[in-house]
Protein chains: 2
Amino acid sequence: MSGSRVLLTGGSGFIGSRAIAPLLAAGYEIHALGRSRGASEGVTWHELDLLDDRAAGRVVADVAAEQLLHLAWYAEPGRFWAAPENLDWVAASVRLLRAFAEAGGRRAVIAGTCAEYDWSDPVERCSELDYGSRQATPLRPATLYGASKHATRLVAAAYAPQAGLSLAWGRVFLLYGPGEDQRRLVPQVAGALLAGEPAQTSDGAQVRDFMHVDDVAAGFAALLASNVEGPVNIASGEGVSIADVLALIAAAAGRRELLRLGALPRRAGEPDRLVADTRRLSGEVGFAPAIALEQGIAETVDALAAAGREGGRGR
Amino acid sequence: MSGSRVLLTGGSGFIGSRAIAPLLAAGYEIHALGRSRGASEGVTWHELDLLDDRAAGRVVADVAAEQLLHLAWYAEPGRFWAAPENLDWVAASVRLLRAFAEAGGRRAVIAGTCAEYDWSDPVERCSELDYGSRQATPLRPATLYGASKHATRLVAAAYAPQAGLSLAWGRVFLLYGPGEDQRRLVPQVAGALLAGEPAQTSDGAQVRDFMHVDDVAAGFAALLASNVEGPVNIASGEGVSIADVLALIAAAAGRRELLRLGALPRRAGEPDRLVADTRRLSGEVGFAPAIALEQGIAETVDALAAAGREGGRGR
């Protein structure tokens, strides 16, 4: 067992693939578990299906890492909100945590979601804990995905103290960046505009908290290295309307005239506002995002344009 | 698939073994899953480890039951409150529910616990839902066992509507009866008294809701046959002090002078009062317990005395 050995799940995913660089920079020895192998430089990959608890348990016991960064989950765009696969990931996650603790693990960070919060009565900022007059935002997930993450946290939080584990739970809000699945908002809109096609969207008045995936990944690495416990929002703390984000995409693509705001209805159950209180991340973890939204969107659109020139749009 | 086929887990356990008779009486065809085979009359047993999700999934798919009564959980006396096995049972339970739904299941009843409720601020009665001026009792489990059951319910409740499942969650309070594990309160005290030894207990001022295991099992069978959804307390609704229960045991054993109330401290975190609101069970399910506490305790002590005469105390 090495004091700086970290078990990483989801290492080939959107966040996990970006977490490797900051983890390596922080001096961790990375053991990545998952079905697909990602970047290899400096990473020991263990190819297995995390839903196969026995196979995962054997590798977790062998690696005997002191730290765990568990980012893997079912993430198929559109489907993940209601997919029965969420149940498998609850199961795999709690068993993974037990296997990790029993192999000598000491510190675990698991990815949660803003979908754990109550969306029915939007607050100015979603707070993880009580802060003076601002009470913790109620946890009342409206989706199976949110309920499954919430349930996993409840079990993990009850288990950690008696297993001698230090546990933090990083709640991710909206994220974007190069390499995002093309079915998600930013690449879908940018892809249409870059192809010279109109992009139909909802009215865009919803206010969200966007963070570049590289900042999200670096935030997780910083949280892991800290001794902060409990829920921590991994977010920018800045509210921006979807319409403003779409305008940044259109400006970067040079096709503002192709935006069709209001052409589509909003998805049922979407809150008007979803912005994180980031006092724990900034004050306790000491992490601040480095990438401004305008710059990040511009780079993301440029990357999509470059990919389009190389190999067609790939849609 | 049969409209009256029920998949039963925990069928050789304390509650499950008593559930077989009322289920058969209600006309169900019973398929019991678990490691140990119980009573065979009228029951098809499938011997397997429910923690082996793949093996369980195959049998669940083959049986294709319309109904599920999931009572199995880790229940080792003393250890179950904090045991890491709770994590395995969260995992096995959510996977079992998914397998059941995907095999055509329509109605599921799962065993919950009074340990899901907030014990830190005892209420007159723990209510599952809001009733007029009485609000639902907060769910703030203080133990890993309670948190694990609570988390399982959250996932099941979010999953059920989209899987087309009717789901009820039966919260068990305290139970007793012949066949209970000898390390639990009633058999332990009765065993000592019947052997002519002093029985050391806490002060016994805690008020609890006791129900005979046959009534608990019959309550589950009635809940399954009903179309009531959501959480339902399976309890008597009668508050009785532990001291009064101990007095009943001592009276039945004829050894009142051997009771040593106050010789032991209370277990940390035990609430002063834990009594169920049973309006859902009585009013909506239409079930009323049949066995009065005095009679039930007397029969339980008689059964222990008979077992002791036959084979020693078996402790």
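Residues numbered from 1 in each chain as written. Chains lettered and ligands numbered in written order. Predicted model: local features only at pLDDT ≥ 70, side-chain atom pairs only at ≥ 80, totals over all residues.

A. Broad picture of the sheet that holds strand E5 (residues 107-113) of chain B. Residues and elements named next belong to chain B. Strands sit in the order E3-E2-E1-E4-E5-E6-E10 across an open sheet of seven strands; the sheet is parallel. Edge positions in the sheet fall to strand E3 (43-47) and strand E10 (230-234), since each has one partner strand and no second. With strand direction ignored, the average angle separating the axes of adjacent strands in the sheet is 20 degrees. The sheet contact formed by strand E1 (residues 5-9) and strand E4 (residues 67-70) spans four bridges and is parallel. Bridge pairing links valine 6 to glutamine 67 in E4. (Pairing = 2+ DSSP bridges. Helix = DSSP H or I, 4+ residues; strand = E, 2+ residues; numbered from the N terminus. Axes fitted to C-alpha atoms, helices over the stretch in contact; angles between N-to-C directions.)

B. Region of the structure containing the nonpolar core. One finds Val155, Phe220 and Ile249 of chain A together with Val155, Phe220 and Ile249 of chain B to be the most contacted residues of the largest nonpolar core, which totals 206 residues. Discounting chain neighbours no more than four positions away, the residues touching valine 155 of chain A are Val94 of chain A together with Leu87, Val90, Ala147, Ser148 and Ala151 of chain B. (Core = buried A, V, L, I, M, F, W, Y, C linked by C-beta atoms within 7 Å. Buried ≥ 20, exposed ≤ 12 C-beta atoms within 10 Å, placed from the backbone. Contact = placed C-beta atoms within 7 Å.)

C. Representation of the environment of histidine 46 of chain A in the model. Residue and element names in this part refer to chain A. Tracing the backbone shows histidine 46 in strand E3 (residues 43-47). Measuring from C-alpha to C-alpha, the distance between histidine 46 and serine 4 comes to 18 Å, with 42 residues separating the pair along the chain. Not counting the four nearest positions on each side in its chain, histidine 46 is found in contact with His31, Ala32, Leu33 and Val59.

D. Molecular detail of the environment of alanine 292 of chain A. Residues and elements named next belong to chain A. When you line up the elements, alanine 292 lands in the loop between helix H8 (279-285) and helix H9 (293-311). In this structure alanine 292 comes out as exposed when scored by C-beta crowding, with 12 C-beta atoms within 10 Å. Expressed as a C-alpha distance, the spacing of alanine 292 and histidine 150, which sit 142 residues apart in the sequence, is 30 Å.

E. Spotlight on the relation of the copies chain B and chain A. Aligned on chain A, chain B shows an RMSD of 0.0 Å; the corresponding rotation is 180 degrees and the shift along the axis is 0.0 Å. Viewed as a symmetry operation, the transformation between the two copies matches a two-fold axis. Take the interface residues of chain B: 100% of them recur as interface residues in chain A, which is what a same-surface contact looks like. (Least-squares fit on C-alpha atoms with pLDDT ≥ 70 in both.)

F. Broad picture of the packing of helix H3 (residues 85-102) of chain A against helix H3 (residues 85-102) of chain B. Where H3 of chain A meets H3 of chain B, the closest approach of the two axes is 8 Å, and the angle between their N-to-C directions is 165 degrees. In terms of their interaxial angle, H3 of chain A and H3 of chain B are classed as roughly antiparallel. Crossing angle aside, the handedness with which H3 of chain A passes H3 of chain B is left-handed. Side by side, H3 of chain A and H3 of chain B meet where Leu87, Asp88, Val90, Ala91, Val94, Arg95 and Arg98 of chain A of the first sit next to Leu87, Asp88, Val90, Ala91, Val94, Arg95 and Arg98 of chain B of the second. Its residues assigned to classes, the contact of H3 of chain A with H3 of chain B comprises eight nonpolar, no polar and six charged. (Parallel < 35°, antiparallel > 145°, perpendicular 65-115°, else oblique. Left-handed = near helix turned anticlockwise from the far one by under 90°. Nonpolar A, V, L, I, M, F, W, Y, C, P; charged D, E, K, R; others polar.)

G. Region of the structure containing the interface of chain B and chain A. Contacts between chain B and chain A engage 20 residues on the former and 20 residues on the latter. At the level of secondary structure, the elements contributing two or more residues to the side of chain B that touches chain A comprise H3 and helix H4 (144-163) of chain B. The biggest single contributor to the side of chain B that touches chain A is H4 of chain B, with 11 residues.

H. Examining the sheet that holds E3 of chain A more closely. Residue and element names in this part refer to chain A. In spatial order, the strands read E3-E2-E1-E4-E5-E6-E10; together these seven strands make up an open sheet with parallel pairing. Both outer strands of the open sheet, E3 and strand E10 (230-234), are each paired with one neighbouring strand and no more. Sheet twist, expressed as the mean angle between neighbouring strand axes with direction ignored, is 20 degrees. Relative to E10, strand E6 (residues 166-172) runs parallel, the two sharing five bridges. Residue pairing in the sheet places arginine 171 in a bridge with asparagine 233 of E10.

Read these as layout, nothing more, since geometry by itself doesn't imply function.
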